[in-house]
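# Breakdown of the fold
Now for the letters of each chain:
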Amino acid sequence: MALQPLHDRILVRPAQPEQTTAGGIIIPDTAKEKPQEGEIIAIGTGRTTEDGKLIPMNVSIGDNIMYGKYGGTEITVNGEDLLIMKESDVYAIIK
């Protein structure tokens, strides 16, 4: 990856939104909900406290996570749409 997040930030590849409903109805692009799940593809080193102590990240590359509906900032890297967010924007790791 050509992009390395700093401090307590992570780079996430969002999951693809559902194309059809459970009943088989095709969802148009304008009605698709923004996904709230994704895979971590890069992480920073961790958060530094005021006294200079480094607190390591609780997530790691490859983790599937759940985050807030409006969490993160959308960016495009090599033509791929990604999200960059703080570790605190992550609600849960999906096992």
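Computed from a predicted structure; not experimentally measured.

### Topic: the sheet that holds strand β8 (residues 90-94)
With respect to topology, six strands assemble into an open sheet ordered β6-β7-β1-β2-β5-β8, the strand pairing being antiparallel. With one partner strand each, in any of the chains shown, β6 (73-77) and β8 form the two edges of the open sheet. Neighbour-to-neighbour, the strand axes of this sheet turn through a mean angle of 45°, independent of strand direction. In this structure, strand β1 (residues 9-14) lies alongside strand β7 (residues 80-86), joined through four bridges in antiparallel fashion. For R9, the partnering residue across the bridge sits in β7 and is K86.

### Regarding the nonpolar core
Of all hydrophobic cores here, the largest spans 10 residues; its members are I10, V12, I40, M57, V59, I65, Y67, L83, M85 and V90. Counting only elements with at least two residues in this core, the list comes to β1, β5 (64-67) and β7. Setting aside residues up to four positions removed in sequence, I65 forms contacts with I10, V12, Q36, E37, G38, I40, V90, A92, I93 and I94. Formed by five residues, the second largest nonpolar core is a distinct cluster that contains L11, I41, A42 and L82.

Rules used throughout
- Residues numbered from 1 in each chain as written.
- Predicted model: local features only at pLDDT ≥ 70, side-chain atom pairs only at ≥ 80, totals over all residues.
- Heavy atoms only, no water.
- Pairing = 2+ DSSP bridges.
- Helix = DSSP H or I, 4+ residues; strand = E, 2+ residues; numbered from the N terminus.
- Axes fitted to C-alpha atoms, helices over the stretch in contact; angles between N-to-C directions.
- Core = buried A, V, L, I, M, F, W, Y, C linked by side-chain atoms within 4.5 Å.
- Buried < 20%, exposed > 50% of the residue type's maximum accessible area, 1.4 Å probe, protein only.
- Contact = heavy atoms within 4.5 Å.

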